[in-house]
Amino acid sequence: MFSRQILRHRPQLTTVTRVSLTTPRAMPRFSSTDTQKQPFSTGTAVLSFTVGLGSAALLYWFTSRTPAATTKSVGSEGIPDLNKLSLSDQIVCGPAPTSEDVTRQLNEHAFSLSGGNLVTRYDGAQLGSNSPCEDTFVHGRFSNPFNPKEEEWSAWGVFDGHCGWQLSNILTKQLIPYVRRSLGTAKPDPQSIEQAIKSAFTTFDDALVKSAVATIESDLPFAEKARRLEAAYAGSCALLTLFDPQSRNLTVASTGDCRAVLGQKSADGTWATTELSTDCTGATPSEIARIRAQFPDEPDVVKGGRVWGMMPSRTFGDGMWKWPSSLKEKLRNHYNGLSMPSAVRYSGYKDGPYLTAEPLVTTTQISESAPSFMILATDGLWDMMSSAEAVSLVGRWVEWQAQGSGKKPVKPQTSDFGPTILGRVSACRYEEHKTTLQDDNAAVHLVRNGLGGADDEMVRGALTFQYPNSRDIRDDVTVQVVFFNPSKGK
């Protein structure tokens, strides 16, 4: 997300699900991680001094016979020869990306996988703007929570981190296990499933945020405390979708401004657009009403589309918007806690919690009679195009792919799109007259057209700017496109 919009500073993405293939492979399974404690103790000053002397002698004896473990001796021949640097007075910058470089960069984290009977395939892609990228994603299958002998469920998720990448990375490994545990006690009906997912989201967030006091009061080493607190300082939006092939129910849970959209082919051949999630931000009327009703004595709690400076109104983490003032002060003084939200800028700020991880959840049955697909993406895509534009782009891509191996790239008749402008006047944005069809991955197709499509100069220019300059014209973008079969076996 744009830091200037939501006070997101510093930047990732390093997830176990990121792949770099374009051919189908076996479906990944989900996993989780945990941490281990390390005990720490001290001795008396005299004993420490005595042991120190002995240790120093032992260290001298050991290092005189073995090379240092952290230093590699390379000899004088390893010293760089600075005479090889040009003495020219001309400033030389690296080359701008070529069209081929653009295609390679757009496909760097792209994948396309076969999904089984009811999911013909799904494509994914990611393009970072932050360094490291703060978006992450997850996809795969897990056992039917109500009957392990039945066909497995599928899951796809995208996570948009802010104030760091740490939490979005954790979500790829630990949110699915929380959801599976919660589904294990649910009934096999949509309402019960939705409630179980809500419970999993809030339980996960409580375990992360509400453990801060126990963490700082524990006897853990400082570094271990800092590692745990840092994840709660960061925040993340989340969009998780679950598909049950038996009922054909697609359940979508959203916190923040990632979005899921359904495209379905109508009788007249056009593609109808249905938004499966609602953007949860300080600019959404229903969210504004909810928050103001919760804090009636704080008239400035939502202002300018932000909740005390934060654009998303539902997030994981973001402890500084959820902890009481006394705890935040201690964390800022002793554990390098974030200074946001600023007490000077937001003088009416009290204790909150102002943000929640409880998601908005919807259930939609995928049609048995009409082709359909789902697009789920972080807000980096939706900054560049509307839901209807994205559905139209994928619909055209489907028809182009139907031409088979003989298909040719489709570009506008003209290549004269006028001057290229990127900055305050114009950021990256999809324009219909620049639409191009040239990528075999539907997610890459969306990203390319969002950056400028057939306007090669615009796309190359957008990818020339690197972090932090790139953040003013494009956000991290993560997209998955899932294609559903009208009926099983077709």
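Not measured: the values here are computed from a predicted model. (Residues numbered from 1 in each chain as written. Predicted model: local features only at pLDDT ≥ 70, side-chain atom pairs only at ≥ 80, totals over all residues. Heavy atoms only, no water.)

A. Fine view of the pairing of strand S8 (residues 271-275). With five bridges connecting them, strand S7 (residues 259-265) and S8 associate as antiparallel partners. Residue pairing across strands places lysine 265 opposite tryptophan 271, the latter belonging to S8. Joining the antiparallel neighbours S7 and S8 is a turn of five residues, in which glycine 269 adopts a positive phi near 90°. (Pairing = 2+ DSSP bridges. Helix = DSSP H or I, 4+ residues; strand = E, 2+ residues; numbered from the N terminus.)

B. Spotlight on the environment of aspartate 351. Take aspartate 351: it is sitting in the loop between helix H9 (325-334) and strand S12 (360-365). Those residues in contact with aspartate 351 that sit more than four places away from it in its chain are Lys322, Trp323, Pro324 and Ser325. Of the polar contacts made by the side chain of aspartate 351, one reaches the side chain of serine 325; its length is 2.6 Å. (Contact = heavy atoms within 4.5 Å. Polar contact = N/O pair within 3.5 Å; in protein donor to acceptor, adjacent residues only side chain to side chain.)

C. Spatial organisation of the side chain of asparagine 441. Among the secondary structure elements, asparagine 441 is positioned in the loop between helix H11 (387-401) and helix H12 (442-451). Judged by relative accessible area, asparagine 441 falls into the buried class, the value being 6%. In this structure the side chain of asparagine 441 is engaged in a polar contact, spanning 3.5 Å, whose partner is the backbone oxygen of glycine 124. At 2.8 Å, the side chain of asparagine 441 and the backbone nitrogen of alanine 443 are in polar contact. (Buried < 20%, exposed > 50% of the residue type's maximum accessible area, 1.4 Å probe, protein only.)

D. The packing of aromatic side chains, seen in detail. A full pass over the atoms with the stated rule returns 20 aromatic pairs. Residues phenylalanine 222 and tyrosine 335 carry aromatic rings whose centres are separated by 5.4 Å and whose planes lie at 10° to one another, so their mutual orientation is stacked. Here the residue phenylalanine 222 occupies a position in helix H7 (residues 222-233), and tyrosine 335 occupies one in the loop between H9 and S12, the gap between them amounting to 113 residues. Taking the centre distance of 4.6 Å and the plane angle of 40° together, the rings of phenylalanine 295 and tyrosine 354 count as tilted. (Phe/Tyr/Trp six-rings, centres within 6.5 Å; stacked < 30°, edge-to-face > 60°.)

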